[in-house]
Amino acid sequence: MTDTSDGPKMTDQTAPQYLTTSRGRRLAYRKTEGTGPTIVFLGGFKSDMLGTKAVDLEAFAKDQGRAYLRFDYSGHGESDGDFLDGCIGDWAEDAEAALDRLTEGPLVLVGSSMGGWISLLMTRRLPERIAGLVTIAAAPDFTEDSMWAGFDQAQRTALDMVEQVSLPSDYGEPYIITKKLIEDGRNHLMLRDRIDLPFPTRFLIGTMDEAVDLSVAYRLLERAEGGDIRLTLVKGKDHRFSDPECMELIKQAILEVSGS
């Protein structure tokens, strides 16, 4: 998995607000008031709430008169903390705190890449609040099935000895992958068991995704159990999945799972 980008950064003139979690992590967020279910965008690995999808969906929510929340995990974007100190468990805690403290009532979760994994974790932690789920190139278990599985012996030895390894990125500086990230990820794996999704669910992915293999989408569909679950493959689209055509598909999926 070499890229979990949520698209190019957009210009945002509004200053973020901040939430301090019970763990003492200070998270940046932007919230739009409106009717429910509240749409919540959960971003990808090393991405932030200034990406194309997060910002464009806020404008969509405003047009629809819908409540909307976007935020940065600790160590991401405008939130406090060092990215290298974080792991899936920490970022899932951040998401749970944001949902608990910043929203009320039913939720439609929109998870991009790693955010797809985080959103699936939220369906287990807050099942009574989830009204619908949309994932975009969801990457559950990527720390184990993509990163760890793809490491050669030298990389695994380096991870054990110096507790980090560098991976190339197509989007700037290399990713530094920590031993903590890999080991903690094993505590949150989703694709080994049944995933109960008893609400409208839409999985979206491009056939040219260079970061998340299509087999992950098929495994997710196989594990998912529910009465209204669909997987959409979009020919020729890559991991960014943020051009106008893809954004329209995301918005349509949100409307479908919202019952609109």
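Above this note sits the structure.
All of the points below concern the structure found in this document. (Residues numbered from 1 in each chain as written. Predicted model: local features only at pLDDT ≥ 70, side-chain atom pairs only at ≥ 80, totals over all residues. Heavy atoms only, no water.)

Structural notes on the side chain of His188
Part 1 of the argument: Mapped onto the elements of the fold, His188 is located in the loop between α6 (179-185) and β9 (195-196).
Part 2 of the argument: Residue classification places His188 among the buried residues on the basis of a relative accessible area of 15%.
Part 3 of the argument: Not counting chain neighbours up to four residues away, the residues in contact with His188 comprise Ile88, Gly89, Trp117, Leu121, Arg125 and Asp141. (Helix = DSSP H or I, 4+ residues; strand = E, 2+ residues; numbered from the N terminus. Buried < 20%, exposed > 50% of the residue type's maximum accessible area, 1.4 Å probe, protein only. Contact = heavy atoms within 4.5 Å.)

Considerations on the packing of aromatic side chains
Part 1 of the argument: Summed over the entire model, instances satisfying the criterion amount to nine aromatic pairs.
Part 2 of the argument: Seen in terms of ring centroids, Phe45 and Tyr175 are 5.5 Å apart; in terms of plane orientation they differ by 70°. Their pairing is edge-to-face. With Phe45 in the loop between β3 (35-42) and α1 (52-64) and Tyr175 in strand β8 (residues 175-178), this residue pair connects regions lying 130 residues apart in the sequence. An identical accessibility class is assigned to Phe45 and Tyr175; each is buried.
Part 3 of the argument: Look at Phe83 and Trp91: their rings are 5.6 Å apart centre to centre, the planes differ by 20°, and that puts the pair in the stacked class.
Part 4 of the argument: Taken together, the ring pairs connect Phe45, Phe71, Tyr73, Phe83, Trp91, Trp117, Phe142 and Tyr175 into an aromatic cluster.
Part 5 of the argument: Note that Arg26 overlies the ring of Tyr18, its terminal NZ or CZ placed 3.7 Å from the centroid. (Phe/Tyr/Trp six-rings, centres within 6.5 Å; stacked < 30°, edge-to-face > 60°. Lys NZ or Arg CZ within 6 Å of the ring centre and 35° of its normal.)

Some details on the pattern of salt bridges
Part 1 of the argument: Enumeration over the complete set of coordinates arrives at 25 salt bridges.
Part 2 of the argument: The residue Arg125 makes a salt bridge to Glu96 at a minimum N-O spacing of 3.1 Å. With Arg125 in helix α3 (residues 114-125) and Glu96 in helix α2 (residues 88-102), this pair connects stretches of sequence that are 29 residues apart.
Part 3 of the argument: On the basis of relative accessibility, which here comes to 26%, the residue Glu96 falls in the partly exposed class.
Part 4 of the argument: Connected via shared salt-bridge partners are Arg23, Arg25, Asp90, Glu93, Asp94 and Lys180. (Salt bridge = Lys/Arg side-chain N within 4 Å of Asp/Glu carboxyl O.)

Structural notes on empty space enclosed by the protein
Part 1 of the argument: This model, assessed by the stated rule, comprises three cavities of 30 Å³ or more.
Part 2 of the argument: Here the largest cavity is characterised by a volume of approximately 60 Å³.
Part 3 of the argument: If you go around the largest cavity, the residues you meet are Thr135, Ala137, Ala138, Pro140, Phe203, Leu204, Ile205, Val216, Ala217, Leu220 and Leu231.
Part 4 of the argument: Put simply, the parts of the chain that give the lining of the largest cavity at least two residues each are β10 (201-206) and α7 (214-223).
Part 5 of the argument: Of the residues assigned to the lining of the largest cavity, the class counts are 10 nonpolar, one polar and no charged. (1 Å grid on protein atoms, 1.4 Å probe; cavity = no way out; pocket = protein on both sides within 12 Å on 5 of 7 lines; lining within 4 Å. Points joined across faces, edges and corners; volume = space filled by probe spheres on them. Nonpolar A, V, L, I, M, F, W, Y, C, P; charged D, E, K, R; others polar.)

Quick word on the packing of α2 against α3
Part 1 of the argument: One can describe the packing of α2 onto α3 by two numbers: an axis separation of 10 Å at closest approach and a directional angle of 60°. Taken together, the axes of α2 and α3 lie oblique to each other. Read as a crossing pair, α2 and α3 show a hand that is right-handed. In contact with Ile88, Trp91, Ala92, Glu93, Ala95, Glu96 and Leu99 of α2, α3 contributes Met114, Trp117, Ile118, Leu121, Met122 and Arg125. (Axes fitted to C-alpha atoms, helices over the stretch in contact; angles between N-to-C directions. Parallel < 35°, antiparallel > 145°, perpendicular 65-115°, else oblique. Left-handed = near helix turned anticlockwise from the far one by under 90°.)

A word on the sheet that holds strand β6 (residues 130-136)
Two strands in a sheet stick together by hydrogen bonds in their backbones, pointing the same way (parallel) or opposite ways (antiparallel).
Part 1 of the argument: Taken in spatial order, the eight strands line up as β1-β2-β4-β3-β5-β6-β10-β12 in an open sheet, and their pairing is mixed. The outermost strands of the open sheet, each flanked by one partner alone, are β1 (17-20) and β12 (229-234). In this sheet, adjacent strand axes meet at a mean angle of 20° when their direction is disregarded.
Part 2 of the argument: Where β3 and strand β4 (residues 66-71) come together, four bridges link them in parallel fashion. Each bridged residue has a counterpart across the sheet, and for Val40 the counterpart in β4 is Leu69.
Part 3 of the argument: Each of β10 and β12 touches α7; the most contacted strand, β12, lies at about 165° to it. (Pairing = 2+ DSSP bridges.)

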